[in-house]
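These are the residues of each chain, in order.
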Protein chains: 2
Amino acid sequence: MDTELRSLLEDIEALKGSLPDASHRDSMAKIEERVVKIMSITKAGTSRRSKVKAMSAEVVDSNPYSRLMALQRMGIVENYERIRDFSVAIVGIGGVGSVSAEMLTRCGIGRLLLYDYDTVGMTKTDAAVQTLSEINPDVVLESYSLNITTVKGFEVFMESLRRQNPKNSVRDDARSAGVDLVLSCVDNYEARMVVNQACNELNQTWIESGVSEDAVSGHIQLLIPGETACFACAPPLVVASGVDERTLKREGVCAASLPTTMGVVAGLLVQNALKFLLKFGEVSPYLGYNSLKDYFPTMEMKPNPQCSNSACLERQKEYLLAKPVRDALAKAKNEAEASRENESPLHMENEWNISVVDDSEMETFNAPKDSDELPEGLTRELPSADKHQEAAALGGTSISSNDVDLEELQRQLDALNAS
Amino acid sequence: MDTELRSLLEDIEALKGSLPDASHRDSMAKIEERVVKIMSITKAGTSRRSKVKAMSAEVVDSNPYSRLMALQRMGIVENYERIRDFSVAIVGIGGVGSVSAEMLTRCGIGRLLLYDYDTVGMTKTDAAVQTLSEINPDVVLESYSLNITTVKGFEVFMESLRRQNPKNSVRDDARSAGVDLVLSCVDNYEARMVVNQACNELNQTWIESGVSEDAVSGHIQLLIPGETACFACAPPLVVASGVDERTLKREGVCAASLPTTMGVVAGLLVQNALKFLLKFGEVSPYLGYNSLKDYFPTMEMKPNPQCSNSACLERQKEYLLAKPVRDALAKAKNEAEASRENESPLHMENEWNISVVDDSEMETFNAPKDSDELPEGLTRELPSADKHQEAAALGGTSISSNDVDLEELQRQLDALNAS
């Protein structure tokens, strides 16, 4: 935009000089003035900065990252700069998706992949790329204008999620997928099931988000294939106030929307994405938002061994098989930490009693004791996953126990293979 | 911006037609092309719509309010259009203030008064007015570039809060102040005390907001002069992680900032502002946000009869004096509602158990039983207001009881007058 205006001004200057008539030159000078005024207006609005090579904590006006890098100095994040190594895919660039994309862009995320099939004059994803590149030119932005629920769209979606970030083809972790996290910001069940299918196939962690049709409640949910319930394991929770989806599809009727609810849900979604990527705080397995009462229910959902999604069952098997390795690693880590604690003192102040994520704590924090219980105000559309588990348990299968031995594990796997 | 570009194009057209030389006309045509390209770029970003006379629920692309008016059809808000009658003052146009202003603008608020003394090239408030008027030209925007903590700044601040909205000089409620709500989005104690002073003097309800220096927690707090604790009644709660404010003022050191925390706090702030103005749901007296654990503490604080702010003590007296009237009104309202309930059926579905704000419910909802208890993770910098109350009670004064009779009320007033 700035470049275009400068070229325009150069052309006007050149032509003005070549005009023989003085009155024409005067008119040209007035046109030039108008352009200068427009330039000053644009400058005040969006003065595009140049790219920044490395993130610095230096407190100067020219450094856009000083207030983010301060998180490192304050001991919140161990290595904030790592954010530049991460790729995040955002599916759905509507109310929640566009705000989430802006937040991640302001945070200096390495690469953003944007998916939508809608248009706002130009395609929504191209419009988003244009706006976001003005906000932060350091972010690598990829625009995918396609419908993931079509066969062709799904193919391109899968392929783009697999592709390595060209910036860091050699990563310290040997992940096969090219993105570190997928954020689902779509507004319908079908699209969520497609994201679920893709992430289950790719063994890709994702966070799902949603806002109710009456715009006064919403939620986010972390889905780790094999480890947590997938979107097909448990029927979606009804967080809306019981509005029939079909009534919304009638012509002349639309769902409600509030910028406030969108902002809160996008904020909670991206905050949890940052916690997940940069490894600080605790990532919420599920977090609801009831704006009428400022009530925030939390809970956890285990995978359903009777899940209808075969890729989910594959991931569940892998997760069970890897349990001995996980346990050994956790034990080694705990022992290393314990010996380190004996050497150096803990943080001086810790008023919020904040600690690094710990499995045993995650299990109890704010979650209902019995995983079959739902937080106040939530109802299930269909029987819960646990009911299936109970039914399965009667047939000899159960993965609800926390300390199964290897023999038990093999029995469970056999049961899964037989199902 | 759009207007400026159109005028520029007209001037170029006119001059092009008057040029005798064909090669000059060609150059001019190229200049014209550049402007058209710039216009298309701006259009994609911010195409300014024309003003809308009345809010409509009609679902057409040209109606920017259909998804807000849907709140009415869905029974969430009784009369959404009333939002156009309201004036909201936002003090501090930084991270939380600017996002809050944008949300209220998108919601179609009637009038926004913006206060800040900082500059970003132009003054922050002028820059905000420019951006916001592009988003929604229906909002009346007032820019006050001043420092409210100076004598002169405070005068202008007070005067602007008193001035009636020219759009609705005759209001159904006979309020003396010209704004309906003040939102405090400042980043320091001194400015908060100034907002507190102004609101106590004007008997003006306000909502305070804050984000901790480490950027990972924040809060909002509703302050109703005389009814709730004012900002001077109780020392500010430490929601930050104990960073010494003085270390932050050193050169080369800045507080951390996260777009996510800003977005969540602004969202909660404006959502509660909407609930307050449009009378739906429950307005939270205090709501904290700990992003590391997704923990949202709530509580209530009563006014301190020993408050150092004399205007607060005046408001406390008025509030106590008006108690019999309030009780009579509440009783009449309850009786009227009870008789209405017998006539017509209740809402068919109410999964979240949502009800209109009710004093007795507010007292118990999520609030600690003993008002001296703080939610987990919060500590007081100084002894709590209740400690002062206890001390006062020993001297014969107490306003902690919920059902005092008139004689008791008089005794309390005498004690307040004597203090």
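Everything numeric here is computed off the predicted structure, so don't read it as measured data.

### Topic: the overall build of chain A
- Scanning chain A from terminus to terminus reveals 14 helices and 11 strands.
- Per-residue burial over chain A gives 50% buried out of 419 residues.
- Counting contacts in chain A only where the partners sit at least 6 residues apart, residues at least 24 apart contribute 66% of the total.

### Let's talk about the domain arrangement of chain A
- The assigned domain composition of chain A is domain 1 (2-46) and domain 2 (66-237 + 253-336).
- On a C-alpha basis, the centres of domain 1 of chain A and domain 2 of chain A stand 46 Å from each other.

### Some points on the pattern of salt bridges
Residue and element names in this part refer to chain B.
- Taken as a whole and assessed by the stated rule, the structure comprises 33 salt bridges over all chains.
- Here Arg49 makes a salt bridge to Asp138, at a shortest N to O gap of 3.0 Å. Placement of the pair is Arg49 in the loop between α2 (22-45) and α3 (66-73) and Asp138 in the loop between α5 (124-135) and β5 (140-145), with a sequence separation of 89 residues.
- For Asp138, a relative accessible area of 12% puts it in the buried group.

### Describing the sheet that holds β5(B)
Residues and elements named next belong to chain B.
- Strand order in this open sheet of seven strands is β5-β2-β1-β6-β7-β8-β10, and the pairing throughout is mixed. Looking at which strands have only one partner, the edges of the open sheet turn out to be β5 and β10 (286-290). Averaged over all pairs of adjacent strands, the angle between their axes in this sheet comes to 15 degrees, without regard to strand direction.
- Sitting on the sheet, helix α6 (residues 151-162) touches β1 (87-91), β2 (111-116), β5 and β6 (181-184), and the angle it makes with β2 is about 175 degrees.
- Packed on one face of the sheet, helix α7 (residues 189-202) meets β1, β6, β7 (206-211) and β8 (217-223) and runs near 175 degrees to β7.

### Side note on the packing of helix α9 (residues 259-278) of chain A against helix α9 (residues 259-278) of chain B
- Their axes nearest at 8 Å, the elements α9(A) and α9(B) cross at an angle of 155 degrees. The angle between α9(A) and α9(B) falls in the class roughly antiparallel. Between α9(A) and α9(B) the crossing geometry is left-handed. Along the contact surface, α9(A) presents A:Thr260, A:Thr261, A:Gly263, A:Val264, A:Gly267, A:Leu268, A:Val270, A:Gln271 and A:Leu274, while α9(B) presents B:Thr260, B:Thr261, B:Gly263, B:Val264, B:Gly267, B:Leu268, B:Val270, B:Gln271 and B:Leu274.
- A breakdown of the residues in the contact of α9(A) with α9(B) according to their chemical character gives eight nonpolar, 10 polar and no charged.

### Considering the nonpolar core
- Formed by 111 residues in total, the largest nonpolar core has its most connected members in A:Leu112 and B:Leu112.
- For A:Leu112, the residues in contact, after removing those within four places along its chain, are A:Val88, A:Ile90, A:Ala101, A:Leu104, A:Thr105, A:Leu132, A:Val139, A:Val140, A:Leu141 and A:Glu142.

### A few points about the confidence of the model for chain A
All names here are of chain A.
- Looking at chain A, the pLDDT average stands at 81 and 73% of residues meet or exceed 70.
- Residue range residues 345-405 is modelled with pLDDT below 50. Its contacts to residues more than four positions away, or to other chains, number 98 contacts.
- For this predicted complex, the interface score ipTM comes out at 0.74, while the overall pTM is 0.75.

### Some details on the packing of aromatic side chains
- Tallied over the entire structure, the rule returns 11 aromatic pairs over all chains.
- Aromatic side chains B:Tyr115 and B:Tyr144 sit 4.9 Å apart centroid to centroid with 10 degrees between the ring planes, which places their arrangement in the stacked category. Linking B:Tyr115 in strand β2 with B:Tyr144 in strand β5, this pair joins segments that are 29 residues apart in sequence. Assigned by exposure class, B:Tyr115 and B:Tyr144 land together as buried.
- Joined through ring pairs, the aromatic side chains of A:Tyr289, A:Phe296, B:Tyr289 and B:Phe296 make up one cluster.
- The cationic tip of A:Arg326 hangs over the ring face of A:Tyr319; the distance from NZ or CZ to the ring centre is 3.6 Å.

### Observations concerning the packing of helix α4 (residues 95-106) of chain A against α9(A)
Residues and elements named next belong to chain A.
- It is at 9 Å that the axes of α4 and α9 come closest, and there the two elements cross at 45 degrees. Regarding the angle of α4 to α9, the classification is oblique. Crossing of α4 over α9 shows right-handed handedness. Touching Gly95, Val96, Val99, Ser100, Met103 and Leu104 of α4 are Met262, Gly263, Val265, Ala266, Gly267, Leu269, Val270 and Leu274, all from α9.
- A class-by-class count of the residues in the contact of α4 with α9 yields 10 nonpolar, four polar and no charged.

### A closer look at the pairing of strand β1 (residues 87-91) of chain A
All names here are of chain A.
- Across the five residues that make up β1, a large majority, five, are buried.
- Burial of β1 is two-sided: the residues Ser87, Ala89 and Val91 facing one way and the residues Val88 and Ile90 facing the other way are all buried.
- Note that β1 and strand β2 (residues 111-116) share five bridges and pair parallel. Looking at the pairing, Ser87 lines up with Arg111 of β2.

The rules we used
- Residues numbered from 1 in each chain as written.
- Chains lettered and ligands numbered in written order.
- Predicted model: local features only at pLDDT ≥ 70, side-chain atom pairs only at ≥ 80, totals over all residues.
- Heavy atoms only, no water.
- Helix = DSSP H or I, 4+ residues; strand = E, 2+ residues; numbered from the N terminus.
- Buried < 20%, exposed > 50% of the residue type's maximum accessible area, 1.4 Å probe, protein only.
- Contact = heavy atoms within 4.5 Å.
- Domains from an automatic or database assignment.
- Salt bridge = Lys/Arg side-chain N within 4 Å of Asp/Glu carboxyl O.
- Pairing = 2+ DSSP bridges.
- Axes fitted to C-alpha atoms, helices over the stretch in contact; angles between N-to-C directions.
- Parallel < 35°, antiparallel > 145°, perpendicular 65-115°, else oblique.
- Left-handed = near helix turned anticlockwise from the far one by under 90°.
- Nonpolar A, V, L, I, M, F, W, Y, C, P; charged D, E, K, R; others polar.
- Core = buried A, V, L, I, M, F, W, Y, C linked by side-chain atoms within 4.5 Å.
- pLDDT = per-residue confidence, 0-100.
- Phe/Tyr/Trp six-rings, centres within 6.5 Å; stacked < 30°, edge-to-face > 60°.
- Lys NZ or Arg CZ within 6 Å of the ring centre and 35° of its normal.

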